[in-house]
Every structure is written in C-alpha cells, then in structure tokens.
Amino acid sequence: MSGSPSSAPLPPSSAPLPWWRTSTARVAAIAAVPLLGLINDRLGGVMLLIALVLLWWRSSWPKRGRVVASVVAAALLGAVLPDQPAPAPDRAAGAAARADAKPVASPTRFPGFPRPSRTTPEPTMPTVPDFTGDSLDIAFPRSRRLGLTVTYHDASDQKRRVEGRSLWKVCFQKTSGTPGDPAVDFAVVRDEEPCPPAEGRPVPWPRMPEVVGTAWRAAVAEVVGAGVPEDRLYAEAAYLNDVLPAEGAYEEWRVCRQDPAEGEPVTDEVRTVTLSLTAPGTGCPDPDRGRDARLPDRDGDGDPDRVDPYPGDRDRTRLHPDGRPSGSDSWGGSGGSGGSGGGWSPCRHTRWC
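Below is a summary of the structure that appears in this document. (Residues numbered from 1 in each chain as written. Predicted model: local features only at pLDDT ≥ 70, side-chain atom pairs only at ≥ 80, totals over all residues. Heavy atoms only, no water.)

## With respect to the pairing of strand E2 (residues 168-178)
The line we're drawing: We treat two strands as partners when DSSP finds at least two bridges between them. Think of it this way: any DSSP run of H or I at least four residues long counts as a helix, any run of E at least two long counts as a strand, and we number them from the N terminus.
Note that E2 and strand E3 (residues 181-190) share ten bridges and pair antiparallel. Across the sheet, residue Phe 172 finds its bridge partner in E3, namely Ala 187. A loop of two residues connects E2 with E3, the two strands running antiparallel in sequence.

Now the structure itself:
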C-alpha cells in the first residue's frame, strides 16, 4: 500500500502564567501583610484581602496549603495591630454609679496643726564635714565626691602658692554657692606649721622658753608645753671632755646652754633644739669660753677628774682600768731599741685612745 506517512500530533504549547498567579507573588503578598499593618491597620487589612484572593482564586496550591497560608497571613496582621482602647463607659451608668456611691468622710483636722504641704521641697546645700586639722589631700577628694567645687589658699599672711596637697593641712573652711552649684574654700598651712588665729595672720610659731638652770626633765616639759615637738629636742654635754650617761640616766642634769635662745621662734627651719647639760654638783662652763670649755683632767688621759677612777694615773682610765695595752703609749708601738718609748704619743696627748 502506498501513500504518505502520517505524522504524530504535537502537544499543545503551555502559555506562561501571569506574575500575580505565581507562588512568588502569593508568598510576597503574605509577607507584605504585617509590613503594611505596621504602617496602617487599614493598609494591612487591604493587603490581607489581596493575599486571600491570590491564595484561593485559580491557585494550584493544595487546599491544606492554602488554609495554612491564610491562617498565617491573618496571624501576622493580628500580631502587628495596636491594642484597641477600652470602650468609654456609658455616661448615664457612670452618673448612676456616682449617685449610689456613699460619700467618703474627709479627714478630721484639729486646730493648731498645720495642713501638710504637697509642694516639692526646695534643694538644700549639702552638709560639708569639718575638715579642720585634716590633710588637704583628704579634704579635697571627699568634698569633690559630695559634688562641691573645691578651692584652697594659704591661710597665713605670706600668700604662698599651695602646691602638693599632701603637704598642707586645713585651718579654716567656708561653704558658698547655691544648692545647684555648691562650693567650699579651704584656708591651709603647711603640715608642720600651727594655724594662725585668723585668716591672713602670721603663723604663730612657738617661742623658746628660758630653761637654763633647770633639770633636763623639767626643761623638756617646759619646751614641749610651749609647742615645740619633743622629737626636736637634743641633749649634749656642756663640756667637751664630758660624756652623757645612757638615755634616761641624765634626768637630773642641769641645763647650762640652750639653742635657740629665750624668746626666739622655733620655726620649721629649726631642726633641733639643743640643751647643753652638766652633771649635778658640777658647775656650768664660763660663758666666755663658749663650747670649748673642758673639765679638769690632771693626768691628761681624756677622762675628767669627775669620772676618772684613777685621776693621778695616766695609764689607767675608765676604758682601761688595768692599764693601757702594751705598746699603746708610743706612736710607733713597742718596736725599736727597747724601753717604753718616749716622745709624743696620741694616747697621751689626745683623746684618740
């Protein structure tokens, strides 16, 4: 059988779907519901209707998927909508309730008692502790922590520049300013100085009293009582060849000289107050000889006769009661041509031995 071969029919071509019927458009519409709801609740409601139309009109999604998507879109809109205000109460009902309410008795007030004020209390100045006598290095940070503006200046008449807060102490303080901007001003002197009686007055340094002729114990009490620190007192022997006993053993020794003299100020530049002492029963040196006076020493061994156990024996002293060591009488020792040695000897003519 002859004839032309028959061709198979071609499948119909599928046309592309409009963009608003695609799954991407449906998902975008669901996502736009809460975004527009944040801007305006009405825009959110309109977008929810559009999303429902896209989900249910000619949608290829399964029914279960469309139901879930609809619920999700509505829940997203409800999550962003603002809370609705409570409805206003009915005026008539409110009036009736007020009429039925029992009157509340006002509190009884008695004459003579002031009525409590409801006004806001006015701010007050902070309480500043008394820093008199404290270091400026303590007063300054504590005042700053209280919110005060802190200034300081020299309290004496010298008008010195205050540098190094740890080296100064507070003598006077004055609070000023307002409750909103409080301030305190400190008038200070150096730590070792006494405070003046008032700001701008000279520093009242203690004056040295007259203690010549008194015992050491009484002299110390008098000097300290005048305002001089006890650690500045220094005791020495009034004679060059005399020696003070151990501390505490010269309480009854008498003062022959004092430095500073009576009436002189004991300032911070006076490091020590020197009292020259002599033993009881021993007179004071002649003032004309100053500090070069010596006690009698007959044998010239360096020990004054007052304390020399052997005042007539040069070789026996307080340090060497049995005699000096062999060879200590001559400058060159025991060497040489023999004998005890002669000539000048440091131990015989000086205090070196």
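## Section: the state of the cysteines
Definition in use: Criterion for a disulfide: a pair of cysteine sulfur atoms at a distance within 2.5 Å. Burial classes follow relative accessibility: with a 1.4 Å probe on protein chains only, a residue under 20% of its type's maximum area counts as buried, one over 50% as exposed, and anything between as partly exposed.
On inspection of all chains with the given rule, the structure shows two disulfides. The residue that forms a disulfide with Cys 171 is Cys 195, at a sulfur-sulfur distance of 2.0 Å. One disulfide, between Cys 171 and Cys 195, carries an S-S torsion of -85° and so falls in the left-handed class. Of this pair, Cys 171 sits in strand E2 while Cys 195 is found in the loop between E3 and helix H6 (216-225), placing the two residues 24 residues apart along the sequence. A relative accessible area of 30% places Cys 195 in the partly exposed class. Across a sulfur-sulfur distance of 2.1 Å, Cys 256 and Cys 284 are joined as a disulfide pair. Taking the sign of the torsion about the S-S bond as the criterion, the disulfide between Cys 256 and Cys 284, at about -85°, is left-handed.

## Quick notes on unusual backbone geometry
With omega at 10°, the peptide bond leading from Asp 259 into Pro 260 counts as cis. Along the chain, Pro 260 falls in the loop between strand E5 (254-259) and strand E6 (273-278). Despite not being glycine, Lys 159 has its phi angle at roughly 50°, a positive value. Here Lys 159 is to be found in the loop between strand E1 (149-154) and E2.

## Observations concerning the packing of aromatic side chains
Heads up, the condition is: In this scheme Phe, Tyr and Trp rings, the latter by its six-membered ring, pair at centre separations within 6.5 Å, and the angle between planes marks the pair as stacked below 30 degrees, edge-to-face above 60, and tilted otherwise. Both a distance and an angle decide whether a charge sits over a ring: NZ of Lys or CZ of Arg must be within 6 Å of the ring centre and within 35 degrees of the ring normal.
The final tally for this structure, using the stated rule, is three aromatic pairs. Ring geometry for Phe 131 and Phe 186: centres 5.9 Å apart, planes at 85°, overall edge-to-face. Here Phe 131, found in the loop between helix H4 (91-100) and helix H5 (136-145), pairs with Phe 186, found in strand E3; they are 55 residues apart in sequence, far enough to count as distant. For the ring pair Phe 140 and Tyr 152, a centre distance of 6.1 Å and an interplane angle of 75° mean the geometry is edge-to-face. One end of the pair, Phe 140, is in helix H5; the other, Tyr 152, is in strand E1, with twelve residues separating them in the sequence. The ring of Phe 140 has Arg 165 lying over it, and the distance from NZ or CZ to the ring centre is 4.1 Å. Its end group placed over the ring of Trp 168, Arg 190 keeps NZ or CZ at 5.4 Å from the ring centre.

## What to know about the pattern of salt bridges
The condition is simple: Basic side-chain nitrogens of Lys or Arg form a salt bridge, by our definition, when they fall within 4 Å of a carboxyl oxygen of Asp or Glu.
Taken as a whole and assessed by the stated rule, the structure comprises eight salt bridges. Among the ionic pairs, Arg 160 bridges to Asp 154, the shortest N-O distance being 2.9 Å. What makes Arg 160 partly exposed here is its relative accessible area of 21%. Arg 217 is the partner of Glu 252 in a salt bridge, and the nearest nitrogen-oxygen pair spans 3.6 Å. Of this pair, Glu 252 sits in the loop between strand E4 (233-237) and E5 while Arg 217 sits in helix H6; the two residues are 35 residues apart in sequence, bridging distant segments of the chain. If you follow the salt bridges from partner to partner, you end up with Asp 154, Arg 160 and Glu 193 in one network.

That's the geometry; what it means functionally is another story.
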